[in-house]
Amino acid sequence: MDEPVSSQPGESVTEKEEEAEEEPLMGFLEEINCPEPGIIDRQMIETAYLEEGQKGEARRLHQLEPVVYDRITTMRLEFKSKRIDHLWMMPNLTKLCLNCNKIEVIEHLEMLTALKDLNLSFNYITRIENLEKLVKLEKLSLFSNRIRKIENIHTLQNLVILSIGNNLIDTVEGIERLRFVSSLKVLNLEGNPIAKQPDFPLSLYVIAILPQLNYYEYVFIKTETREEAQKRFYRELREIEDKQEREIQGLETEAREMAEADRLASSFVEHLDGMQLYDSLWRDDEDGRILMLVGAPAQELCEEYSKDVYELTQQIYRLGLERFGERDEEIRDFNANLHEGQEELQAQGQRQIEEFLEYKERTFDEMRLKWRELDQRDEDLEQLQAQLDTLTANFEDSLNDLWESLMAQELHLHEAVEESTLNFNRKISDLMSNFVEQAQVIFQQLRDVCSYFADNMTDIVNQFLSTKLTRNELNAIPEELQQCVDDREAVLQLVEGMRTSHTSRVDKREDRLAQRSRQFIDDMIMNLNNNEVDRHRAKILEINSFMEMMTEALANLPDELHQEAPSD
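Residues numbered from 1 in each chain as written. Predicted model: local features only at pLDDT ≥ 70, side-chain atom pairs only at ≥ 80, totals over all residues. Heavy atoms only, no water.

Participant: Residues and numbers for the side chain of serine 183, please.
Facilitator: Topologically, serine 183 is positioned in the loop between strand 7 (161-163) and strand 8 (186-188). Residue classification places serine 183 among the buried residues on the basis of a relative accessible area of 18%. There is a polar contact of 2.6 Å between the side chain of serine 183 and the backbone oxygen of leucine 159. (Helix = DSSP H or I, 4+ residues; strand = E, 2+ residues; numbered from the N terminus. Buried < 20%, exposed > 50% of the residue type's maximum accessible area, 1.4 Å probe, protein only. Polar contact = N/O pair within 3.5 Å; in protein donor to acceptor, adjacent residues only side chain to side chain.)

What follows is the structure in structure tokens.
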């Protein structure tokens, strides 16, 4: 039995409590007699899988089965690790228990998108992070860690149960963010410093600001308790609701803007839906600025110019959106057909593997009987050995037939995907080329408009200068145009500088559209090819690994039988 702890001279109870809070796990994990934890690796995962819950014959059969990581849905790694890694090998994991370890950082979980239940209790975690990819997570336990603040949980939109008691949380900051998790029904904050403040009823505060909760500290929230809480924290609740409403409106606006920006960027016509291109023509155009000093005639001409440019940019904009719709539909159809073909062959291969595993069990059972007879009989040994050899040969032939069939299916799928991708590349390239060619026709019209504007500006400026000379109103000529009075070539130079500046802006926008459209196709096809290469390699590795495991199971069968045999 532990001896009672007495205070030392000069040591206050408050100081002792603070020390206890800093080390909430002391006296639990440190006292457990277990091997020094390490980084989660493949061997640790396989050992944990093979040693899971089954007993007796079920356990023996379970340990004989090959470890197929895609089929693992539950994993317990307790008293084993101090760092999370290699869990990406089990993409279909739905329940993960990493409690009672020495983990300090939540990391390397982003591939576990199917995870629904995550237990990280009794660790050394100091910060809630790297959970945003766990979109299906329903239950999260962070009980008894070293967390000081609630954060980065509001993105878990399917979370139902959150246990974060016995940590070092000393502020209510972050609790209000849980309002965004509408699915949250159960919350536990017991044992945190904020829950121990005598003048602050944390439970009422939580119940007031989180109306979606049904249970707090695993106690059902009664209607009268909720009403009391809302009255007690009425002012805080109103402030939080107002802030949340403003944030929601801001997020909705931002989401709409981002969606529209993505749509326009994918259409290659971003910044062409308004006057952006026209405004860019005048940016850093010093020659054009000087020419516009002639006044009203230039302003009237400029208004017509802006209307013509706007109309043409609108044509490009509408064309881009229209062609984007066609391309997007083509891409969706291709991806759907590709996925369907892969799923169909995957299912076919899975059926073959399952049929083979059934055949394996029957064959191994028969071989076990033959081995036992061979150990027990003194005659007809050659006949029994011949039967065993036949069973072994048949199994090896069947395994080889399965390998050839699975490899043939995979190679056929790989070649079909490559051919489909090649055809898709041609089709999407034709669609893109057609779009770019149509857009280039309109860009040429824009250049013509720029030239037409420049020619008319030449006439207007010359007419302005001639009128001022005739009327002897030289002082009315802007200082920047004074040089043009005696040198009419200077007018042409200004106009040509403006024309060059404007048409170069149009050229750059046209080049950007053409370059980005080509880059879009190149990136998409490269990603498709890279993904297919990765998938193909992984599948080949999976098939060969399965064959190796079956071969190893056959080779280990005699040793298994000898281990089972009772000793004399």
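Participant: Please give an account of a negative patch on the surface that cites residues and values.
Facilitator: A cluster of acidic side chains, namely Glu300, Glu303, Glu304 and Asp308, defines a negative patch on the protein surface. Residue position: glutamate 300 is located in helix 9 (residues 296-376). (Patch = residues over 30% accessible without salt bridge, like charges linked within 9 Å, V, L, I, M, F, W, Y side chains within 5 Å. Areas by Shrake-Rupley, 256 points an atom, 1.4 Å probe, with all protein chains shown as cover. Salt bridge = Lys/Arg side-chain N within 4 Å of Asp/Glu carboxyl O. Lys, Arg positive; Asp, Glu negative; His and termini not counted. Charge placed at Lys NZ, Arg CZ, Asp CG, Glu CD.)

Participant: Tell me about unusual backbone geometry, and please be specific about residues and values.
Facilitator: The bulk of non-glycine residues show a negative phi, and the bulk of peptide bonds are trans. Non-glycine residue asparagine 130 carries a positive phi angle of around 60°. With respect to the element layout, asparagine 130 can be found in the loop between strand 5 (117-119) and strand 6 (139-141).

Participant: Summarise the packing of helix 5 (residues 223-232) against helix 6 (residues 234-267); cite the residues concerned and give the values.
Facilitator: Running from N to C, helix 5 and helix 6 cross one another at 80°; their axes reach a closest spacing of 5 Å. Taken as axis vectors, helix 5 and helix 6 run roughly perpendicular relative to one another. On helix 6, the residues that touch Gln230, Lys231 and Arg232 of helix 5 are Tyr234, Glu236 and Leu237. Class assignment for the residues of the contact of helix 5 with helix 6 results in two nonpolar, one polar and three charged. (Axes fitted to C-alpha atoms, helices over the stretch in contact; angles between N-to-C directions. Parallel < 35°, antiparallel > 145°, perpendicular 65-115°, else oblique. Contact = heavy atoms within 4.5 Å. Nonpolar A, V, L, I, M, F, W, Y, C, P; charged D, E, K, R; others polar.)

Participant: Can you tell me about the sheet that holds strand 9 (residues 215-216), naming the residues and giving the values?
Facilitator: Read across the sheet, eight strands follow the order 2-4-5-6-7-8-9-10 without closing on themselves; strand pairing throughout is mixed. Taken across any chain shown, the strands that pair with only one partner, and hence form the sheet edges, are strand 2 (74-76) and strand 10 (219-220). Two strands pair when backbone bridges link them, and strand 5 and strand 6 are joined in this way by three bridges, in the parallel orientation. By the bridge assignment for strand 6, aspartate 117 is matched with lysine 139. (Pairing = 2+ DSSP bridges.)

Participant: Describe in detail the environment of leucine 87, supporting the description with residues and values.
Facilitator: Along the chain, leucine 87 falls in the loop between strand 3 (81-83) and strand 4 (95-97). Judged by its relative accessible area of 0%, leucine 87 is buried. Distance from leucine 87 to methionine 111, taken between C-alpha atoms, is 7.9 Å for residues 24 residues apart in sequence.

Participant: I'd love a proper account of the nonpolar core, names of residues and values included.
Facilitator: Ranked by internal contacts, the top residues of the largest apolar core, which has 61 residues, are Trp282, Tyr305 and Met457. If you list the elements that add at least two residues to this core, you get helix 7 (276-281), helix 8 (286-291), helix 9, helix 10 (381-470), helix 11 (483-486) and helix 12 (488-564). For this core, the element with the highest residue contribution is helix 10, accounting for 20 residues. Among residues more than four places away in sequence, those in contact with tryptophan 282 are Gly288, Met292, Cys302, Tyr305, Phe453, Met498 and His502. Of all hydrophobic cores here, the second largest spans 54 residues; its members include Leu120, Ile147, Leu184 and Leu204. (Core = buried A, V, L, I, M, F, W, Y, C linked by side-chain atoms within 4.5 Å.)

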